[in-house]
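# Chain and residue survey
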Amino acid sequence: FCPIGEKHSILNGIMGLVVRSGQMYCANDISKEPEERETLLQTKSFLALPVKRDEQNLGVLLIESTRLNQFESTDIDIFSQIAEQIGYTIANAELYQQKTSAHNLLLNLNSLGREIYATFDLKKIFETVIHKLPIYLNCRLCSIFFYYPEQHQLQLMAHNLPDLAASPLLLSQT
């Protein structure tokens, strides 16, 4: 068997077949199987079931047994329901993580808004925004430009990259 975290191609093997087809595969005697076997040495039979969210394949639930003819239709039905529940659980966990991340982002942005609203010091506002916003948004560069409509120009007021020139940069607006 393989170490946890190791990836495998879905182009071959029984688990690859299950992912590609979206259908379960039951082998009650693996010695009679023509397909490449990804099992432990003592395995005599196995059941591979797709783990899905709606119609999207998320993975494979593989159940192996040291007994021949281990899996009957009732076993397959039960394990199919378990694989389906795993898919829903993964979907719920992903949704929870997304909602938690969005909630935390809103809390951080609200805190940033209160912090910059509490001062009239432009330099402090710029520094706060260009240092905190990239962390909250997981981005590399944050810059603040002022727009001068009468000159059709933008002026760089602050950025978070130390390698850019410290002097103001005038950019023509196109």
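Relevant structure appears above.
Rules and cut-offs
- Residues numbered from 1 in each chain as written.
- Predicted model: local features only at pLDDT ≥ 70, side-chain atom pairs only at ≥ 80, totals over all residues.
- Heavy atoms only, no water.
- Phe/Tyr/Trp six-rings, centres within 6.5 Å; stacked < 30°, edge-to-face > 60°.
- Helix = DSSP H or I, 4+ residues; strand = E, 2+ residues; numbered from the N terminus.
- Buried < 20%, exposed > 50% of the residue type's maximum accessible area, 1.4 Å probe, protein only.
- Polar contact = N/O pair within 3.5 Å; in protein donor to acceptor, adjacent residues only side chain to side chain.
- Salt bridge = Lys/Arg side-chain N within 4 Å of Asp/Glu carboxyl O.
- Pairing = 2+ DSSP bridges.
- Axes fitted to C-alpha atoms, helices over the stretch in contact; angles between N-to-C directions.
- Contact = heavy atoms within 4.5 Å.
- Core = buried A, V, L, I, M, F, W, Y, C linked by side-chain atoms within 4.5 Å.

Counted according to the given criterion, the structure contains 3 aromatic pairs. Pairing Tyr25 with Phe46 gives two aromatic rings, centres 6.4 Å apart and planes at 20°, and the pair type is stacked. Placement of the pair is Tyr25 in strand 1 (residues 25-27) and Phe46 in strand 2 (residues 45-53), with a sequence separation of 21 residues. Plain terms: the ring middles of Phe126 and Phe146 are 5.7 Å apart, the flat faces sit at 75° to each other, and that makes the pair edge-to-face. Note that Phe126 is positioned in helix 3 (residues 122-137) and Phe146 in strand 4 (residues 143-148), a separation of 20 residues in sequence. Overall, Phe126 belongs to the buried group, its relative accessible area being 10%.

Right, let's get into the side chain of Asp29. Mapped onto the fold, Asp29 is located in the loop between strand 1 and strand 2. Side chain to side chain, Asp29 and Ser31 meet in a polar contact 2.6 Å long.

Turning next to the pattern of salt bridges. Within this structure, the stated rule accounts for 3 salt bridges. Here Asp29 makes a salt bridge to Lys32, at a shortest N to O gap of 3.8 Å. Among the residues examined, Lys32 registers a relative accessible area of 65% and is labelled exposed. Glu94 is the salt-bridge partner of Arg53, the closest N and O atoms lying 2.3 Å from each other. With a gap of 41 residues between them, Arg53 in strand 2 and Glu94 in helix 2 (residues 73-117) connect regions that are remote in the sequence. Judged by relative accessible area, Arg53 falls into the partly exposed class, the value being 22%. The partly exposed category is assigned to Glu94, whose relative accessible area is 32%.

Turning our eyes to something else, we now look at the sheet that holds strand 1. If you walk across this open sheet you meet the 3 strands as 1-2-3, and the pairing is antiparallel. Only two strands of the sheet have a single neighbouring strand rather than two, namely strand 1 and strand 3 (56-65). The average angle at which neighbouring strand axes cross in this sheet is 15°, direction not considered. The pairing of strand 2 with strand 3 spans 9 bridges and is classified as antiparallel. Residue pairing in the sheet places Arg53 in a bridge with Gln56 of strand 3. The strands touched by helix 2 are strand 1, strand 2 and strand 3; relative to strand 2, the strand with the most contacts, the crossing angle is about 35°.

Of all hydrophobic cores here, the largest spans 8 residues; its members are Leu47, Leu49, Val51, Leu61, Ile63, Phe71, Ile76 and Ala83. Those elements that place two or more of their residues in this core are strand 2, strand 3 and helix 2. With 3 residues, the top contributor of residues to this core is strand 2. If near-sequence neighbours (up to four positions away) are discounted, Phe71 is found in contact with Cys26, Asn28, Ser45, Phe46, Leu47, Ile63, Ser65, Ile76 and Phe79.

On to the pairing of strand 5 (residues 153-159), then. Of the pairings in the sheet, the one linking strand 4 to strand 5 comprises 6 bridges and is antiparallel in character. Within the sheet, the bridge partner assigned to Phe146 lies in strand 5 and is Gln155. What sits between the antiparallel neighbours strand 4 and strand 5 is a turn of 4 residues, in which His152 has the positive phi angle 55°.

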